[in-house]
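A closer look at the structure
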Amino acid sequence: MRILVVNPNTTASMTEKIGAAARRIASAGTEIVAVNPARGPASIEGYYDEAMSLAGMLDVIRTSADFDAVVIACFDDTGLDAARCLTEKPVIGIGEAAYHMASMISNKFSVVTTLARSVPALEHNLHRYGLIARCARVRSSEVAVLELEHPGSDACNRISAEIGRAVAEDRAEAIVLGCAGMADLADTLARQHGLPVLDGVTCAVGLAEAMVKLRILTSRLGGYSPPPAHKVA
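Residues numbered from 1 in each chain as written. Predicted model: local features only at pLDDT ≥ 70, side-chain atom pairs only at ≥ 80, totals over all residues. Heavy atoms only, no water.

**Let's talk about the side chain of D77**
Tracing the backbone shows D77 in the loop between strand 3 (69–72) and helix 3 (80–86). For the buried D77, no salt bridge is present, and the opposite-charge side chain at shortest range is R128, 6.3 Å distant. Leave out the neighbours within four places in its chain, and D77 touches I72, G93, I94, G95, E96, N125 and Y129. (Helix = DSSP H or I, 4+ residues; strand = E, 2+ residues; numbered from the N terminus. Buried < 20%, exposed > 50% of the residue type's maximum accessible area, 1.4 Å probe, protein only. Lys, Arg positive; Asp, Glu negative; His and termini not counted. Salt bridge = Lys/Arg side-chain N within 4 Å of Asp/Glu carboxyl O. Contact = heavy atoms within 4.5 Å.)

**Observations regarding helix 6 (residues 155–170)**
Look at helix 6: 21 Å from first C-alpha to last across 16 residues, which is about the 22 Å you get at 1.5 Å a residue. Residues of helix 6 that are buried in the fold lie against strand 5 (109–113), strand 6 (135–140), strand 7 (174–178) and helix 7 (186–193). The first or second residue beyond helix 6 is R171, which carries a positive phi of 55 degrees. (Expected span 1.5 Å × (residues − 1).)

**A look at the pairing of strand 1 (residues 2–6)**
For strand 1, the tally of buried residues reaches four of five residues, placing the bulk of the element in the interior. Relative to strand 2 (residues 31–35), strand 1 runs parallel, the two being bridged by five bridges. By the bridge assignment for strand 2, R2 is matched with E31. Chirality of the crossover, the property in question, places the unit of strand 1, helix 1 (residues 12–25) and strand 2 among those that are right-handed. In this structure, strand 1 lies alongside strand 3, joined through four bridges in parallel fashion. By the bridge assignment, V5 is partnered in strand 3 with V71. (Pairing = 2+ DSSP bridges. Right-handed = clockwise from strand over helix to strand, strands pointing away.)

**A word on the packing of helix 1 against helix 8 (residues 200–213)**
Orientation of helix 1 relative to helix 8, taken along the N-to-C sense of each, is 50 degrees, at an axis distance of 9 Å. Here helix 1 lies oblique to helix 8, going by the angle between them. The crossing of helix 1 and helix 8 is right-handed. Across the interface between the two elements, I18, A21, A22 and I25 of helix 1 pack against V201, T202, V205 and G206 of helix 8. (Axes fitted to C-alpha atoms, helices over the stretch in contact; angles between N-to-C directions. Parallel < 35°, antiparallel > 145°, perpendicular 65-115°, else oblique. Left-handed = near helix turned anticlockwise from the far one by under 90°.)

**What about the environment of V6?**
Here V6 is to be found in strand 1. Here the alpha-carbon distance between V6 and P41, two residues 35 residues apart in the chain, equals 14 Å.

**Focus: the packing of helix 6 against helix 7**
For the pair helix 6 and helix 7, the least separation of the axes is 11 Å and the interaxial angle reads 45 degrees. Considering their axes alone, helix 6 and helix 7 lie oblique with respect to each other. Relative to helix 7, the crossing made by helix 6 is right-handed. On helix 7, the residues touching C156, I159, S160, I163 and G164 of helix 6 are L189, Q192 and H193. Split by residue class, the contact of helix 6 with helix 7 holds four nonpolar, four polar and no charged. (Nonpolar A, V, L, I, M, F, W, Y, C, P; charged D, E, K, R; others polar.)

**Things to note about the sheet that holds strand 6**
Strand order across the open sheet formed by four strands is 6-5-7-8, with parallel pairing between neighbours. Bordering the open sheet on either side are strand 6 and strand 8 (197–199), each of which pairs with just one other strand. Along the sheet, successive strands turn relative to each other by an average axial angle of 25 degrees, direction set aside. Bridge count for strand 5 against strand 6 is five bridges, and the pairing is parallel. Looking across to strand 6, one finds that V111 is bridged to V138.

**A few points about the pairing of strand 5**
Burial analysis of strand 5 places five of its five residues in the buried class, the great majority of the element. Burial along strand 5 is two-sided: the face carrying F109, V111 and T113 and the face carrying S110 and V112 are both buried. Regarding topology, helix 5 (residues 119–128) serves as the crossover connection from strand 5 to the parallel strand 6, and that connection is right-handed. Sheet topology note: the strand 5/strand 7 ladder contains five bridges and is parallel.

Below, the structure is given as structure tokens:
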């Protein structure tokens, strides 16, 4: 099995971190191919960055060969619907995957993301997925995405403090980390706080493997029907 893990931003160090997290939980025999586009924003923090990343991300998916599933490794689930139009193979967003898994292990979960400007997009997705009632709150840690790439940053401490507030104020029973760049923090934070802390990258890889094994493909009817050939660059 070969899973294409696409980081929609252009920061290679984050792509390497995402790939490492995916490989840690992938089954024996599953190959993880972690890639990012050559053009686009260095980080995705809000609607504008998301829009600017779409062309590069979709081009990566369109030109990649021999994959069995795709994981979109941005917590905004950037371009998820458009990507599903490009291939019948399963395409899973890390936000979508983490939300669904959190809803199966807790009555209420909170999301801890990066900057406040990212909160509305995540709330929009929770409404769209029908899971807003299961989410106690989407919280901002005010950690910029690229701070997560700096070894000397206090980003993990600030995220941990926000998790503490989510447990105390939201009565959250589980935490979803709202950024692919937090993929390496989940186990440490779960031990610190004594509750499940879900990373969307690993959730999405697990779901992708299951869908491939079950031979589940994306519907080609209606909204996910392929675009006309003359519209595919």
